[in-house]
Amino acid sequence: MSEFTVQGNGITELAAEFGTPMYLYDGDELAGGLTALRERLHPALEVFFSLKANPNVAICRLLHENGARAEVSSMAELLTARRAGVGPRDILFLGPGKSRAEIEACLDEDICAIICESFPELAVIDELAARRGRAARVVLRVNPNFSVKGSGLTMGGKPRQFGFDEDQLLADPELAARHPHVRLMGVQVYMGTRILSEDSVAENTRQILELADRLTAHLGFAPELVDVGGGLGVAYFDNESDLDVDVLTGLVNPLIDDFAARHPGTRLVMELGRFLTANAGTYVTRVQYVKTSHGERFAVADGGTNHHMAAVGIGSFVKRNFPIRVLDRWDEPASETWNITGPLCTPNDVIGKKVELPPLRAGDLIGVLRSGAYGPSASPVLFLSHGHPAEVLVHDGRARLVRRRDEPADLLRAQEPEDAPAEPVRS
Ligand SMILES: *Cc1c(COP(=O)(O)O)cnc(C)c1O
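Residues numbered from 1 in each chain as written. Predicted model: local features only at pLDDT ≥ 70, side-chain atom pairs only at ≥ 80, totals over all residues. Heavy atoms only, no water.

Asks: What should I look at first to understand the pairing of strand 6 (residues 91-94) in this one?
Replies: Looking along a regular strand, one sees the side chains alternate between the two faces of the sheet. Side-chain alternation along strand 6 places Ile91 and Phe93 on one buried face and Leu92 and Leu94 on a second face that is also buried. Two strands pair when backbone bridges link them, and strand 5 (residues 69-72) and strand 6 are joined in this way by 3 bridges, in the parallel orientation. Paired with Glu71 across the strands is Leu92, a residue of strand 6. Taken together, strand 5, helix 4 (residues 75-83) and strand 6 constitute a β-α-β crossover, and its handedness is right-handed. Examined bridge by bridge, strand 6 and strand 7 (residues 113-116) share 3 bridges and lie parallel to one another. Each residue of the ladder has a partner; that of Phe93, found in strand 7, is Ile114. Between the parallel pair strand 6 and strand 7, the chain is carried across by helix 5 (residues 100-109), and the sense of this crossover is right-handed. (Buried < 20%, exposed > 50% of the residue type's maximum accessible area, 1.4 Å probe, protein only. Helix = DSSP H or I, 4+ residues; strand = E, 2+ residues; numbered from the N terminus. Pairing = 2+ DSSP bridges. Right-handed = clockwise from strand over helix to strand, strands pointing away.)

Asks: Looking at this structure, how should I read the domain arrangement of the protein chain?
Replies: Interfaces are frequently sized by the accessible area removed from exposure as the parts join. Structurally, the protein chain comprises domain 1 (87-272) and domain 2 (279-413). Taken over C-alpha atoms, the centre of domain 1 sits 35 Å from the centre of domain 2. A combined buried area of about 760 Å² lies between domain 1 and domain 2, and 52% of that area is made up of carbon and sulfur atoms. The largest per-residue losses of area from domain 1 upon contact with domain 2 belong to Arg194, Tyr236 and Phe237, which jointly make up 67% of the total buried on that side. Counting every contact that joins domain 1 to domain 2 gives 1 salt bridge. Here Asp242 and Arg370 are joined by a salt bridge, their closest N and O atoms 2.8 Å apart. Connecting domain 1 to domain 2 are 2 residue pairs in polar contact (both at pLDDT 80 or more). Across the side of domain 1 that touches domain 2, the residue classes break down as 4 nonpolar, 1 polar and 3 charged. (Domains from an automatic or database assignment. Buried area = accessible area lost by both parts, 1.4 Å probe. Salt bridge = Lys/Arg side-chain N within 4 Å of Asp/Glu carboxyl O. Polar contact = N/O pair within 3.5 Å; in protein donor to acceptor, adjacent residues only side chain to side chain. Nonpolar A, V, L, I, M, F, W, Y, C, P; charged D, E, K, R; others polar.)

Asks: Can you help me understand the state of the cysteines in this one?
Replies: A covalent bond bridging the sulfur atoms of two cysteines is what the word disulfide describes. Applying the stated criterion to the full structure yields 0 disulfides. The thiol of Cys116 is unpaired, and the distance to the nearest cysteine sulfur, on Cys106, comes to 11 Å. Residue Cys116 is classed as buried on the basis of its relative accessible area, which comes to 0%. (Disulfide = S-S within 2.5 Å.)

Asks: What should I look at first to understand the packing of aromatic side chains in this one?
Replies: Describing an aromatic ring pair means giving the distance of the ring centres and the angle of the ring planes. Evaluation of the coordinates by the stated rule reveals 7 aromatic pairs. Relative to Phe322, the ring of Tyr236 has its centre 4.3 Å away and its plane inclined at 25°; by these criteria the two rings are stacked. Taken together, the residues span a long stretch of sequence, with Tyr236 in the loop between strand 11 (225-230) and helix 10 (245-262) and Phe322 in the loop between strand 14 (296-301) and strand 15 (324-326) at a distance of 86 residues. Taken together, Tyr23, Tyr25 and Tyr283 form an aromatic cluster joined through their ring pairs. Just above the ring of Trp338 sits the side chain of Arg297; from NZ or CZ to the centre is 5.9 Å. A cation sits over an aromatic face here: Arg325 above Trp330, 3.9 Å from the ring centre. (Phe/Tyr/Trp six-rings, centres within 6.5 Å; stacked < 30°, edge-to-face > 60°. Lys NZ or Arg CZ within 6 Å of the ring centre and 35° of its normal.)

Asks: In this structure, what is going on with the pattern of salt bridges? I would like to understand it.
Replies: In a structure, side chains of opposite charge can pair up when their charged atoms sit close to one another. Applying the stated rule across the entire model yields 29 salt bridges. Here Arg69 and Asp90 are joined by a salt bridge, their closest N and O atoms 3.9 Å apart. One end of the pair, Arg69, is in strand 5; the other, Asp90, is in the loop between helix 4 and strand 6, and 21 residues separate them in sequence. For Arg262, the salt bridge is made with Asp213, and the minimal N-O distance between the two is 2.8 Å.

Asks: Help me out: how do you make sense of the nonpolar core in this one?
Replies: The nonpolar side chains of a soluble globular protein tend to be buried, and buried together. Formed by 101 residues in total, the largest nonpolar core has its most connected members in Val138, Leu140 and Phe275. Among the elements that make up this core, the one with the highest residue count is helix 9 (residues 198-219) (8 residues). Here this core spans two domains, since at least three of its residues come from each of domain 1 (87-272) and domain 2 (279-413). Beyond its immediate sequence surroundings of up to four residues, Leu140 is in contact with Cys116, Phe164, Leu169, Leu175, Leu184, Gly186, Val187, Gln188, Leu219 and Phe221. (Core = buried A, V, L, I, M, F, W, Y, C linked by side-chain atoms within 4.5 Å. Contact = heavy atoms within 4.5 Å.)

Asks: Is there a simple way to explain helix 4 in this structure?
Replies: Owing to its 3.6 residues per turn, the α-helix brings residues three or four apart onto one side. Of the residues making up helix 4, those classed as buried are Glu77, Leu78, Thr80 and Ala81. For helix 4, the angular spread of the buried residues around the axis is 160°, confining them to a single face. Set apart from the buried face of helix 4 by more than 90 degrees, the exposed residues are Ala76 and Arg83. Buried-residue contacts for helix 4 involve helix 3 (57-65), strand 5, strand 6 and helix 5. Just beyond helix 4, the residue with positive phi is Gly85, at close to 100°. (Arc of directions from axis to C-beta.)

Asks: What is the right way to read the site of the ligand from this model?
Replies: Around the ligand there are 14 residues in total, and Lys52, Thr193, Glu271, Arg274 and Tyr374 lie nearest to it. Between Tyr190 and the ligand, the recorded distance is 2.9 Å, taken from a side-chain N or O atom to an oxygen atom. Measuring from an oxygen atom of the ligand, one finds a side-chain N or O atom of Tyr374 at 2.6 Å. When isolated, the ligand has an accessible area of 390 Å², and the protein chains bury 94% of it. Taken together, the residues that form the shell around the ligand break down as 4 nonpolar, 5 polar and 5 charged. (Near = heavy atom within 4 Å. Areas by Shrake-Rupley, 256 points an atom, 1.4 Å probe, with all protein chains shown as cover.)

Asks: Looking at this structure, I do not really get unusual backbone geometry. What am I missing?
Replies: Glycine aside, residues mostly have negative phi, and peptide bonds are mostly found in the trans state. Across the junction of Thr20 and Pro21, the peptide omega takes the value -5°, indicating a cis bond. In this fold, Pro21 is placed in the loop between helix 1 (11-18) and strand 3 (22-26). The residue Tyr374 is not glycine, and still its phi comes out positive at about 55°. Considering the arrangement of structural elements, one finds Tyr374 in the loop between strand 18 (365-368) and strand 19 (390-395). On the basis of relative accessibility, which here comes to 16%, the residue Tyr374 falls in the buried class. Located in the positive-phi region is Ser385, a residue other than glycine, with phi close to 60°.

Now the structure itself:
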C-alpha cells in the first residue's frame with residue numbers, strides 16, 4: 001500500500017524519526033513555486049516574502065536563495081530575515097504599531113525602507129533619524145479610496161488602522177517639509193489576502209501604480225519604490241481554483257512594463273506570504289483514539305487547532321475543510337465520514353468536519369495539505385500548554401529538523417523567572 005512521500009522520504013519513517021504532530025515542508029515545492037512565478041513575472045517586479053505567513057528561518061533562507069527578498073513586521077522577523085542571509089537593502093519593515101526599538105533597528109541596520117503607517121509614527125521616525133544625523137528612507141502605506149472586489153479581506157476604502165488615508169495625504173502637501181530627516185521615497189498599498197482572481201490582482205496593480213504616480217506628484221517626491229501589495233491566494237476548498245500564473249502575469253506584466261518605462265530605476269515590489277509557502281507544507285497529526293458519538297465518527301488526533309487554527313475554516317460561517325488525507329494509506333479510497341479533532345478541551349478543536357476518508361484506526365497519520373502558510377505562528381500554540389509543533393524541511397532529498405517541538409520545560413522556564421536577572425528597564 002502506498003504512502004505519502006516527500007522527495008522519496010516516506011511519511012511513516014519521517015513520523016517515526018521526528019514525531020507528531022509536525023509541519024512537514026517540501027523544499028522542492030517551495031523553490032519550484034517561487035521560480036515558476038519569477039520566470040513569468042516581469043523582471044522589474046521584485047518578490048518580497050512576507051515572513052508573517054511562515055517565520056521559520058530555514059523557509060526564509062530557501063526562498064531567499066531562490067530570489068525572494070523579505071518583508072518583516074517585528075524585531076524577531078527582522079532578525080530572522082538577517083539570519084536567513086537577506087541583505088538589509090532587501091528588507092522592508094511594515095506594521096501599524098512599530099516600537100521605537102524596532103524603528104531604531106531599521107535605521108541602524110539601514111534596511112531598504114520603513115513602511116510608515118501613520119502621522120505620529122512618521123514623527124517618531126523623523127526624531128530617531130535626526131538623532132543619528134541622517135535621513136530615514138520611508139515608504140508611505142496608503143489606505144486608498146478605491147477597493148477592488150475579489151479578496152477574502154478587503155482593505156481599501158474603509159476605516160482601518162493601516163496606513164494613511166489617501167485623502168489625508170492629498171490634503172498635506174507639506175508632509176515632506178515637516179520631516180526633514182525623512183526621505184519619502186515610495187508608496188505601498190496592500191489590498192487584501194486570498195485573492196484568487198487574476199483580474200482582481202491586475203486591477204489592484206493598475207490602480208496602485210496610478211495612485212503612486214498621482215500621490216508622489218502631489219507630495220513632491222520621486223517614486224523610488226512602489227510596493228503593489230499582493231495577497232495572491234491558493235485554493236483550499238472544493239469551490240476554489242488556483243490562480244493561473246500565465247494568465248496573471250499576462251495581465252500584470254504590461255502594467256509593470258509601462259510604469260518601469262516611465263520610471264527607470266524605481267524598485268517595484270510584490271509582497272507575498274501565503275502564495276510562496278502554503279502548498280509546500282503539510283500538517284501531520286497522528287490519530288490517538290477513534291470513537292463514535294450520536295452516530296458520528298470521531299478520530300481524536302495528537303494535534304489540532306492549537307497548531308492549525310486556519311483549518312477551523314476561514315472567514316466563513318459554514319465550516320469548509322482544507323484538503324485532508326490519510327498519509328500512511330494514501331491510495332485507499334474514501335468510504336466513511338469522519339470528524340478529525342485535536343487534543344483541546346473545546347468543541348471547536350475540529351480540523352476536519354465530515355471528511356470522506358478510508359476507515360481510520362489509532363496510529364494513522366492524518367495530513368492537512370496546503371498548510372505551509374499561517375500554521376503554528378497564527379495558531380494558539382500555548383492553549384492547554386501543548387506548545388509549538390516540530391517543523392521538518394526536506395531539501396535536496398534530505399529531511400532536517402528546522403524547529404524542535406516545545407517541551408514542557410520550555411513552557412515552564414519562562415514563568416516565575418525570579419532566578420534569572422531582571423529585564424533591563426527601558427526608558
Ligand atoms: C499579511 C500581509 C501580507 C501577506 O499576505 P498574503 O496574503 O499571505 O500574501 C503582505 N502584506 C501585508 C501588508 C500584510 O498585512
